Amino acid sequence: MIGAVNSKKITASSAAHMALLDQFILLTQDSIVEQDDSFVRDSLVDLLSNLRAERADYAEIIGASALNRAV
């Protein structure tokens with residue numbers, strides 16, 4: 001029972017993080033389009049890549065958490 005409660009909390013927390021990352025990803029994408037300086041644009045592209053990777057990590061956590069609840 002404790003594992004299921006913890007799993008639900010982990011899923012909720014991960015979903016909250018993903019929602020924030022989604023907003024930051026959109027903001028970063030908009031900033032890239034508006035950026036004239038190639039160095040700054042490249043830096044933002046790197047940031048975007050890191051944000052997407054972090055979002056994927058949270059998606060993986062949610063998937064693992066759901067799998068644990070099913071067992």
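Note that the coordinates shown come from a computational prediction; the quantities given were computed from them, not determined experimentally.

Quick notes on the rules
Per chain, residues are indexed from 1 in the order of the written sequence. It should be noted that, the model being predicted, local features are given only for residues of pLDDT at least 70 and side-chain atom pairs only at 80 or more, the latter also being counted only at that level, while totals for whole chains, interfaces and linings use all residues. Heavy atoms throughout the structure, all of them, feed into the side-chain values; hydrogens and water do not. Each helix is a run of H or I in the DSSP string that is no shorter than four residues. Each strand is a run of E no shorter than two, and both are numbered from the N terminus. Working definition: with a 1.4 Å probe on protein chains only, accessible area under 20% of the residue-type maximum means buried, over 50% means exposed, and in between means partly exposed. Note on definitions: a residue-residue contact is assigned when non-hydrogen atoms from the two residues lie within 4.5 Å. Here, the term nonpolar core denotes a set of buried Ala, Val, Leu, Ile, Met, Phe, Trp, Tyr and Cys residues that are joined through side-chain atoms within 4.5 Å. Like-charged residues within 9 Å of one another, or nonpolar side chains (Val, Leu, Ile, Met, Phe, Trp, Tyr) within 5 Å, are grouped into patches, provided each residue has over 30% relative accessible area and no salt bridge. Computed with the Shrake-Rupley method and a 1.4 Å probe, the accessible areas treat only the protein chains shown as cover for residues. A carboxyl oxygen of Asp or Glu within 4 Å of a side-chain nitrogen of Lys or Arg is what we treat as a salt bridge. Counted charges follow a simple rule, with Lys and Arg positive, Asp and Glu negative, and His plus the chain ends left uncounted. Taken as the charge centre is NZ of Lys, CZ of Arg, CG of Asp or CD of Glu, depending on the residue.

## Observations regarding the overall build of the protein chain
Helix and strand counts for the protein chain stand at two helices and zero strands. By residue count, 18% of the 71 residues in the protein chain fall in the buried class. The long-range share in the protein chain, meaning contacts at least 24 apart out of those at least 6 apart in sequence, stands at 65%.

## What about the nonpolar core?
Of all hydrophobic cores here, the largest spans eight residues; its members are Met18, Leu21, Ile25, Ile32, Leu44, Leu48, Leu51 and Tyr58. When contributions to this core are tallied by element, the ones reaching two or more residues are helix H1 (2-34) and helix H2 (38-70). In contact with leucine 51, other than residues within four places in its own chain, are Leu21, Phe24, Ile25 and Thr28.

## Some points on a negative patch on the surface
A grouping of Asp36, Asp37, Asp42 and Asp46 is seen on the molecular surface, where their side chains present a negatively charged patch. Relative to the assigned elements, aspartate 42 resides in helix H2. Classification of aspartate 42 as partly exposed rests on a relative accessible area of 47%.

## Here's the deal with the pattern of salt bridges
Under the counting rule described, the total for this entry stands at one salt bridge. Put simply, aspartate 22 and arginine 55 hold a salt bridge, and the shortest N to O gap is 2.4 Å. Placement of the pair is aspartate 22 in helix H1 and arginine 55 in helix H2, with a sequence separation of 33 residues.

## Some points on the environment of leucine 51
Note that leucine 51 resides in helix H2. Judged by relative accessible area, which is 6%, leucine 51 ranks as buried. In sequence terms leucine 51 and leucine 21 are 30 residues apart; their C-alpha atoms lie 6.7 Å from each other.

## Digging into the side chain of serine 14
Following the sequence through the fold, serine 14 ends up in helix H1. Ignoring sequence-local partners within four residues, the contact set of serine 14 consists of Tyr58, Ile61 and Ile62.

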